[in-house]
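# Working through the structure, step by step
Listed below are the residues making up each chain.
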Amino acid sequence: MGKQDWEEIPLEDNNGGDKKRFEMKIASQIAFIDYMISKQNIIYLTHTEVPTAFEGQGLGSVLVQKVLKHIGQTNMKMAPLCPFVAAYLKRHPEMAKGILAPGYSVG
């Protein structure tokens, strides 16, 4: 499965348990971004994980893109605490427009 196939996998918001995370399910494995939401309605992206079998194939980048688009559609602001998300935003600062929480930058 190559990078072009990742777009076909839906993003799911698994927010029913103690840990909240955005997930993309690939066969029996899950790529995810953990998050927390503050009382100020800021979503903190805290950790990204891609199954070892899919590392280096663009899945993490597609996951981040889908999560950022989702956040933009919800009119929330986000703080990129996860180093992978922060690195992605440094390469693609346009993805942070309108959704970056006050006090955070991608530069």
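Rules used throughout
- Residues numbered from 1 in each chain as written.
- Predicted model: local features only at pLDDT ≥ 70, side-chain atom pairs only at ≥ 80, totals over all residues.
- Heavy atoms only, no water.
- Helix = DSSP H or I, 4+ residues; strand = E, 2+ residues; numbered from the N terminus.
- Buried < 20%, exposed > 50% of the residue type's maximum accessible area, 1.4 Å probe, protein only.
- Arc of directions from axis to C-beta.
- Contact = heavy atoms within 4.5 Å.
- Pairing = 2+ DSSP bridges.

### Looking at unusual backbone geometry
Positive phi values are uncommon outside glycine, yet Asn 41 reaches one of about 65 degrees. Relative to the elements of secondary structure, Asn 41 occurs in the loop between β3 (29-37) and β4 (42-49). A relative accessible area of 43% means that Asn 41 is categorised as partly exposed. For Asn 75, which is not glycine, the phi dihedral falls at a positive 60 degrees. For Asn 75, the location among the structural elements is in the loop between α2 (59-73) and β5 (77-80).

### Topic: helix α3 (residues 83-91)
Buried within α3 we find Val 85, Tyr 88 and Leu 89. In a view along the axis of α3, the buried residues occupy a sector of 95 degrees, so they form one face of it. Turned more than 90 degrees from where α3 packs its buried face, Pro 83, Lys 90 and Arg 91 sit exposed. Tucked into the core, α3 has its buried residues touching β3, β4, α2 and β5.

### Quick look at the pairing of β4
Strand direction decides the pairing type here: β3 and β4, joined by 6 bridges, are antiparallel. Bridge pairing links Ile 33 to Thr 48 in β4. From the end of β3 to the start of β4, which pair antiparallel, there are 4 residues, and Asn 41 there has a positive phi angle of about 65 degrees. In this sheet, β5 lies alongside β4 in parallel orientation, the contact comprising 4 bridges. The residue bridging Ile 42 from the neighbouring strand is Lys 77, located in β5.

### Concerning the environment of Gly 103
Relative to the assigned elements, Gly 103 resides in the segment after α3. For the pair Gly 103 and Ala 79, spaced 24 residues apart in sequence, the C-alpha to C-alpha distance is 8.9 Å.

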